[in-house]
Structure formats: C-alpha cells, structure tokens
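Spelled out from the first residue to the last, the chains are:
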There are 2 protein chains.
Amino acid sequence: MSGFQLLLVAGTHGNEINAPWLFDQWDKKPTLIHTSGLNLNKVIANPIARKKCQRYIDKDLNRSFSPELLENYANKDLETCIARELVLENGPRGNNPSQIVIDFHSTTSSMGTSIVVYGRRSVDLAIVSLIQKRLQVPIYLHEGDDSQNGFLVEAWPCGFVVEIGPVPQGVIHNKIINQTLLMIETCIEEINNVINNNAIFPKQLIIHRYFKSIDFPRDSSGLPNAFIHSEVQSKDWSPLSIDQNIFANIEGELFKLHNYSKENDLVPVFINEAAYAEKNIAMILTKKEVIDFQTPWAEDLYDLVNI
Amino acid sequence: MSGFQLLLVAGTHGNEINAPWLFDQWDKKPTLIHTSGLNLNKVIANPIARKKCQRYIDKDLNRSFSPELLENYANKDLETCIARELVLENGPRGNNPSQIVIDFHSTTSSMGTSIVVYGRRSVDLAIVSLIQKRLQVPIYLHEGDDSQNGFLVEAWPCGFVVEIGPVPQGVIHNKIINQTLLMIETCIEEINNVINNNAIFPKQLIIHRYFKSIDFPRDSSGLPNAFIHSEVQSKDWSPLSIDQNIFANIEGELFKLHNYSKENDLVPVFINEAAYAEKNIAMILTKKEVIDFQTPWAEDLYDLVNI
C-alpha cells in the first residue's frame, strides 16, 4: 500500500464556514464523496475560532507557519500553537503524515472558484495545471510579496489554497457549498489520476502573478475615506485600464489606477475582501502570465505521490 | 426654537460598518447632507464592537433596551451599560433629548433598502408612511414575537430601523453607502416636512407583518444540516408557495414550506442573515397587509415634533 496521503484542511479561518460545514456532512456520510481508494485525512484547522465565528483568536492562522514562528517556542498564542501541532501531527514528517495539502477558504470577493499558489514549486504547478485543465479555474500566484508569509500550505512539500466567493463571513450558501464540493471531488480525481499514471497534463498554465497590493485611500487618522468604485466592485479577474476609477469618496472624488501604477492590463483580485482591510489591502493587482508546462513538474509530482 | 431633535444611530452592531463610515464622512464634512435646519444628533452606538468589527462584545445591543434590563443595575455587561447610557444621554428624557430615533443597520440578506417597525405605534406608522411614499421601500412589522425584545428604538417614543443589504459584515460597499445616504436625506426631508406642516401622507401603508421564524433543519447535535434552497436564497420579499422548497441538504433532500406552515403567500425576509444563525433564525416569514392610513397617526406625529 502506498504511503501517500492527501490532507484536506477547512476552517483555517473560523468565519469561513462553508468548507467546515461540508466536512461535517462528509463525516456523517462517508460515501458523500467518492475517494476511489485515495488515502486522505481531513482537518478543521481552528475549531475554537470556528465556534466563535471569528477569523482567528490571537492572530491569523494562515500567516503562522513560517519556520521562525514555529521554531520559537516562546510564541504561545493560540494560532502559533495550532500551526505547530498541525505540522507535528499532519506535516510531511508528522505522526500521520501527508505529502499534499489543500486548504479550503471562502472570500467576500467575487473570486468565483479559484486557486492560490505560493511561489513556483514544481509540484504545485503540476497539480494546479490538472485542476485548471478540468475546471478552467483562475490561479493567483502569490510571489514576491515579503509583507505576507507563513501560509499553511508552505509547511508541506506540495499544496495550494482554494478560494471561493463571494459569500459573507458566517453564511452557508448553496452555491459556495456546491463549488467547494466540486473542487474536492476534482482534486481527489486528479490526484488519483497521477497515482494511477492516468493524468494528462495541459500544454500551458495560466496564472495571475502578484504585482502590487493597493490600500484604501485613508484620512489623517488612518481610516479609509473612500470605497471601491462601483465599476470595479465585484469585478475580480477583469483587466483594468490605467484610466479606470478604482476608488471614490463620498463627495464623488475619483481615484484612478494610474495613481497607483502605470502598468496596463493589471488584473485585480481579492477586491474588498472583508478580512484584508486590517492588512491594508483593498485589492491585489496581478499580471496574467501564460507558462508552458514543464515535464519536470510532472516528474516531481510523480515522485511525491509514489512513496 | 423648537425643542424637537432627531437622533440618528449607526453601529449598533459593530460589524455593520457602512452607516458608521458614512457618519464619519459627514462629521468631517458637515455640509455633506442638507439638514435644512433640522435639529439632529448622531451617535455610533457601540464603538468598542465597531473597533473589533464584531456584532457585539457581551450580548446583542439591539436586544438590550427592555425596561427590566435597563433598570436592573446588577447587569454590568458592556451592551447593557451602553444601552443605559444612551437612554440617559439621548433618550426622550435624557440630558440631550431626542423624540425620534432612526437606527441604521446592514444585513447579509438581500433586503434592499427596507424599514423595520416594532409594534403599531401611531407615530411610527405615520412617519414610515411618508418614507414608503417617497421611496417605495418595504416595511417589516415586528409584532407578536415574544422571543425577541429590547430593541433600541423601543426606548424612544418614535423610531424605526433601516436595514440595507445584501452586504457582508465588515465590508464598505458603494451601493450600501449610497442607499444609506439616500435614506438619511429622505428621513430628514420628511421630518422637516412634518415640522413645517408640508407633509403629504399616503392613503395606505403596506407592511409585512411577522408571522413565524423558521430555523435551519438541525442534526442531533444541534448543528444546521441543510442550507437555504437556491430558489429562495436572496429572494427576500418574494411570496412563497406552500410547495416551495426552502431548504436542501447535501444529499439533495428537500424541505418544503408546508412542513413549517400551511399558509399561502407568506413572504420571507432576513433570509440567511449571518447574525441570525445564533438566534436559530434561517428566515422570517411575514404576511403582507395593506393598512388604511389613519388621521390620528399624523396628529400624534405633529404633537411629537411640535414641542
């Protein structure tokens, strides 16, 4: 029997309640999702925050997985402790090890069903290529943003985030549930295809690479004094012209994209994500990139699953 | 000079952030909204909860205004203290008294711009008639539900709630801001019309009276095990047939309205409001009622504003 195991994570943020709810239903009815014999383990990452329907208790769990934090045992906040235990228990060298992790989130932004990868690890690019080929989902590549790190999936040799929206925090929504379910099924099928040597990789992968985060205009006391312009609100993944108005204030003053960047065809994601206001992010600007699929990505993925 | 004053309240729930944001902008630019000389006072009710972007700290402020709670000084939770102070300071017999209060909320439900009144106080019905005539907004009449009481506006001789949605908690949304602004302007204009004897009351008032709250189907451990059916999600104010599927579970099992009520033409409101899950409310069913306008309502309102 293979030593490979897939780890599915939900509830990394306690107020993103759709994936944890689906995991509960799946627990009650193990045949809900066909696993075709795939070894898998699933975890609700922050059950305490979930119970309070808060993103976190002490700090953002999905920024708590940097080696410096995990290895500094003086850090005793709840989320660092959870991160440490998750890695000790479910990490690649844990008691119940998994080699690939998929972390299911929801967002108030109109992201649809989308994927986030962190950097350009070959195994991540190989597996998300398969998912994109099946479902045509957009992929956001988080790269070159030093202000944000310590993401959960980075503590595993392979892994990515699924972001589905729009949905308010604390709301179970039929559409989000169905999208999450389809994504879980597709991920399981494609990983089984890799294990069974049936995967057919695409020739190209389309990603949207991090370019720049933009904060709301703020007043002298640091509070936002403008909102996302109506033409941009809910338009995640739609390219912007440099003359596009991206913010407006209550008196009708407009803030154009070219005040923030002179680049053409930037593509906004995470527009007006509720949890990002505290991170000073009104939206993230990305650049579309088409990457030729590299055979070594697939080879690395085969090596990872065939253990 | 008249002793009449209007009290505008925002941020009664700390994660409903659009009206408080608008109040901040108005503070910075006092000419933002034309008051035409109306005496008014505005208050952010729960600034501590607002700072944390939580609905409340200890308990729901908008269920904390019952006389029993306010007069029992053993109650020291934050929201009871806030309620007591608000009444002492801004209540009809407070240090800085107001006679009418309007409490601005937002909701994750697709309520549009709507009004909530509590019971059938003549002055409330008179004033919301004027607003409905101007803006054609639907009105939910909360009446005959003993499980919920202690609403803020009940501590004033006249007042109502404005509910605007859908918007996620913690998100400033251009549409919600504009709807809130229009509502504030309209309320001020209509109250000025009453004061100046220029108000033209309608012949009829359309309200949706509380009929029944419906909870999510729950499993043996008390957790919801079904979601709002796709045909009902976001369909606030649309009449339901008794054969309508209102919930579905993950296995496709359907829950029809007639399991909850045999009444025809019930109209759902507050469908999937995030904050109501903890109150065991998946939606509130109402019955539409057309009421002939009663002249004494207007007389009572004139008496109230001409002090």
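Because the structure is a prediction, the values reported are computed rather than measured. (Residues numbered from 1 in each chain as written. Chains lettered and ligands numbered in written order. Predicted model: local features only at pLDDT ≥ 70, side-chain atom pairs only at ≥ 80, totals over all residues. Heavy atoms only, no water.)

**Examining the relation of the copies chain B and chain A**
- When chain B is fitted to chain A, the residual RMSD is 0.0 Å, and the transformation amounts to a turn of 180° plus an axial shift of 0.0 Å. The transformation relating the two chain copies, once decomposed into turn and shift, fits a two-fold axis. Using C-alpha coordinates, one finds that chain B approaches the rotation axis most closely at P168 of chain B, a distance of 2.2 Å.
- Take the interface residues of chain B: 100% of them recur as interface residues in chain A, which is what a same-surface contact looks like. (Least-squares fit on C-alpha atoms with pLDDT ≥ 70 in both. Contact = heavy atoms within 4.5 Å.)

**Looking at the sheet that holds strand β8 (residues 227-228) of chain A**
Residues and elements named next belong to chain A.
- In spatial order, the strands read β8-β9-β10; together these three strands make up an open sheet with antiparallel pairing. Pairing within the sheet leaves two strands with one partner each, and these edge strands are β8 and β10 (254-256).
- Here β8 runs beside strand β9 (residues 245-248); their pairing, made up of two bridges, is antiparallel. Within the sheet, the bridge partner assigned to I228 lies in β9 and is F247. (Pairing = 2+ DSSP bridges. Helix = DSSP H or I, 4+ residues; strand = E, 2+ residues; numbered from the N terminus.)

**A closer look at the interface of chain B and chain A**
- Each partner contributes residues to the interface: chain B has 32 residues there, and chain A has 32 residues.
- For the chain B and chain A pair, buried surface summed over both sides reaches about 2,500 Å², with 61% attributable to carbon and sulfur atoms.
- Among the residues chain B hides against chain A, the three largest losses belong to N174, F227 and I250 of chain B. Together they make up 24% of the total.
- Between chain B and chain A we count four salt bridges in total.
- Across the pair K28 of chain B and D219 of chain A runs a salt bridge, and its minimum N-O distance is 2.8 Å.
- Taken together, the connections running from chain B to chain A amount to eight residue pairs in polar contact (both at pLDDT 80 or more).
- Among the elements of the structure, α1 (18-28), α6 (174-195) and β8 (227-228) of chain B are those that each provide at least two residues to the side of chain B that touches chain A.
- For the side of chain B that touches chain A, the element with the highest residue contribution is α1 of chain B, accounting for five residues.
- Taken together, the residues that form the side of chain B that touches chain A break down as 15 nonpolar, 12 polar and five charged. (Buried area = accessible area lost by both parts, 1.4 Å probe. Salt bridge = Lys/Arg side-chain N within 4 Å of Asp/Glu carboxyl O. Polar contact = N/O pair within 3.5 Å; in protein donor to acceptor, adjacent residues only side chain to side chain. Nonpolar A, V, L, I, M, F, W, Y, C, P; charged D, E, K, R; others polar.)

**Some words on the pairing of strand β2 (residues 40-44) of chain A**
Residue and element names in this part refer to chain A.
- Along β2, the buried face is formed by N41 and V43; none of L40, K42 and I44, which line the opposite face, is buried.
- The pairing of strand β1 (residues 6-10) with β2 spans five bridges and is classified as parallel. Of the residues in β2, the one forming a bridge with A10 is I44.
- The handedness of the β1 to β2 crossover, carried by helix α1 (residues 18-28), is right-handed. (Buried < 20%, exposed > 50% of the residue type's maximum accessible area, 1.4 Å probe, protein only. Right-handed = clockwise from strand over helix to strand, strands pointing away.)

**Things to note about the packing of α1 of chain B against α6 of chain B**
Residue and element names in this part refer to chain B.
- The interhelical angle for the contact between α1 and α6, taken along N-to-C directions, is 65°, at an axis separation of 9 Å. One finds that α1 runs roughly perpendicular with respect to α6. The interaxial crossing formed by α1 with α6 has right-handed handedness. Only I176, I177, T180, L181, I184 and I188 of α6 make contact with α1, whose side of the interface consists of N18, A19, W21, L22, F23 and W26.
- Looking at the contact of α1 with α6 residue by residue, the classes come out as 10 nonpolar, two polar and no charged. (Axes fitted to C-alpha atoms, helices over the stretch in contact; angles between N-to-C directions. Parallel < 35°, antiparallel > 145°, perpendicular 65-115°, else oblique. Left-handed = near helix turned anticlockwise from the far one by under 90°.)

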